[in-house]
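# Overview (structure and organization)
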Amino acid sequence: MDYRPLRRIRQPTTPFERGLFGLYQLVSPGTILITICFIGYVVIGFSLSYVGIYEPTYSVMGFTDPFFTSLSFLTGLFISTMSGTLVALTLLLSPNDSKADLVVVVSFIALGFGAATMRVTFGAVQAYFTEIVSNLL
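Notes on the structure follow. Remember, predicted model here, so these are calculated numbers, not experimental data.

Mapped onto the elements of the fold, threonine 121 is located in helix H3 (residues 98-136). Residue contacts for threonine 121: discarding those within four places in its chain leaves Phe63, Thr69, Ser72 and Phe73.

Let us look at H3. Between the first and last C-alpha of H3 there are 54 Å, a value that for 39 residues agrees with the 57 Å anticipated at 1.5 Å per step. At threonine 121, H3 shows its maximal bend, which comes to roughly 45°. Where H3 is concerned, the buried positions are Ala100, Val104, Ser107, Gly114, Met118, Thr121, Ala124, Val125 and Tyr128. Residues of H3 that are buried in the fold lie against helix H2 (66-93).

On to the nonpolar core. Core analysis: the largest hydrophobic core is formed by 5 residues, namely Phe38, Tyr41, Val60, Phe68 and Leu71. Mapped by element, the contributors of at least two residues to this core are helix H1 (15-51) and H2. If near-sequence neighbours (up to four positions away) are discounted, tyrosine 41 is found in contact with Phe46, Tyr54, Val60, Asp65, Phe67, Phe68 and Leu71.

Under the defined criterion, the tally for this structure stands at 4 aromatic pairs. Where tyrosine 41 meets phenylalanine 67, the ring centres are 6.1 Å apart and the plane angle is 50°; that geometry is what we call tilted. Linking tyrosine 41 in helix H1 with phenylalanine 67 in helix H2, this pair joins segments that are 26 residues apart in sequence. Residue phenylalanine 67 is classed as partly exposed on the basis of its relative accessible area of 47%. Geometrically, the ring pair formed by phenylalanine 73 and phenylalanine 122 is tilted, given 6.2 Å between the ring centres and 45° between the ring planes. A residue pair is termed long-range when its members are at least 10 positions apart, and phenylalanine 73 in helix H2 and phenylalanine 122 in helix H3 qualify at 49 residues. Relative accessible area serves as the criterion here: at 17%, phenylalanine 73 is assigned to the buried category. Of the residues examined, phenylalanine 122 reaches a relative accessible area of 43% and is grouped as partly exposed.

Taking 1.5 Å per residue as the helical rise, H1 with its 37 residues ought to reach 54 Å, and the 53 Å between its terminal C-alpha atoms agrees with that figure. Within the span of H1, buried status applies to Glu17, Leu20, Val27, Ser28, Gly30, Thr31, Ile34, Phe38, Tyr41 and Gly45. Contact partners of the buried residues in H1: H2. One or two positions beyond H1, positive phi appears at glycine 52, with a value near 110°.

Before going further, it helps to examine the environment of isoleucine 44. Along the chain, the position of isoleucine 44 falls in helix H1. Distance from isoleucine 44 to serine 107, taken between C-alpha atoms, is 29 Å for residues 63 residues apart in sequence.

Further remarks concern a nonpolar patch on the surface. A surface patch of nonpolar side chains, about 880 Å² in accessible area, is lined by Ile39, Val43, Ile44, Phe46, Leu48, Tyr50, Val51 and Ile53. With respect to the helices and strands, the residue phenylalanine 46 is situated in helix H1.

Each value, and the rule that gives it
Residues numbered from 1 in each chain as written. Predicted model: local features only at pLDDT ≥ 70, side-chain atom pairs only at ≥ 80, totals over all residues. Heavy atoms only, no water. Helix = DSSP H or I, 4+ residues; strand = E, 2+ residues; numbered from the N terminus. Contact = heavy atoms within 4.5 Å. Expected span 1.5 Å × (residues − 1). Bend = angle between axes of the 7 residues up to and from the residue. Buried < 20%, exposed > 50% of the residue type's maximum accessible area, 1.4 Å probe, protein only. Core = buried A, V, L, I, M, F, W, Y, C linked by side-chain atoms within 4.5 Å. Phe/Tyr/Trp six-rings, centres within 6.5 Å; stacked < 30°, edge-to-face > 60°. Patch = residues over 30% accessible without salt bridge, like charges linked within 9 Å, V, L, I, M, F, W, Y side chains within 5 Å. Areas by Shrake-Rupley, 256 points an atom, 1.4 Å probe, with all protein chains shown as cover. Salt bridge = Lys/Arg side-chain N within 4 Å of Asp/Glu carboxyl O.

Right, here's the structure in full:
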């Protein structure tokens, strides 16, 4: 019986692989932080708006809400970056593995969701940034 529970995965050796691995290590905690902030804003903002404590001039959690759209865009950006680097690293470091195939499929799905979120919220975020810049000048 050939039982190998601890299988060694090839480590990044080329500068490209090390760069992708460094980017993945940088983006992973950022993704967790941005996602927690987004979920916190959604839960706390909706709760305070429902109670009547938080009543801004714009609709809460709509495309006119600058915090919601900015956090949505950042969440999509971080998820797309993390899943894209994970796909590239998986294809480079362990291409012939059944578990790697699952990682690649799930990462491509996450990449699609993150990119769709960015595409939907890009117009609103761009409008807010141009308004901020025009007010500063």
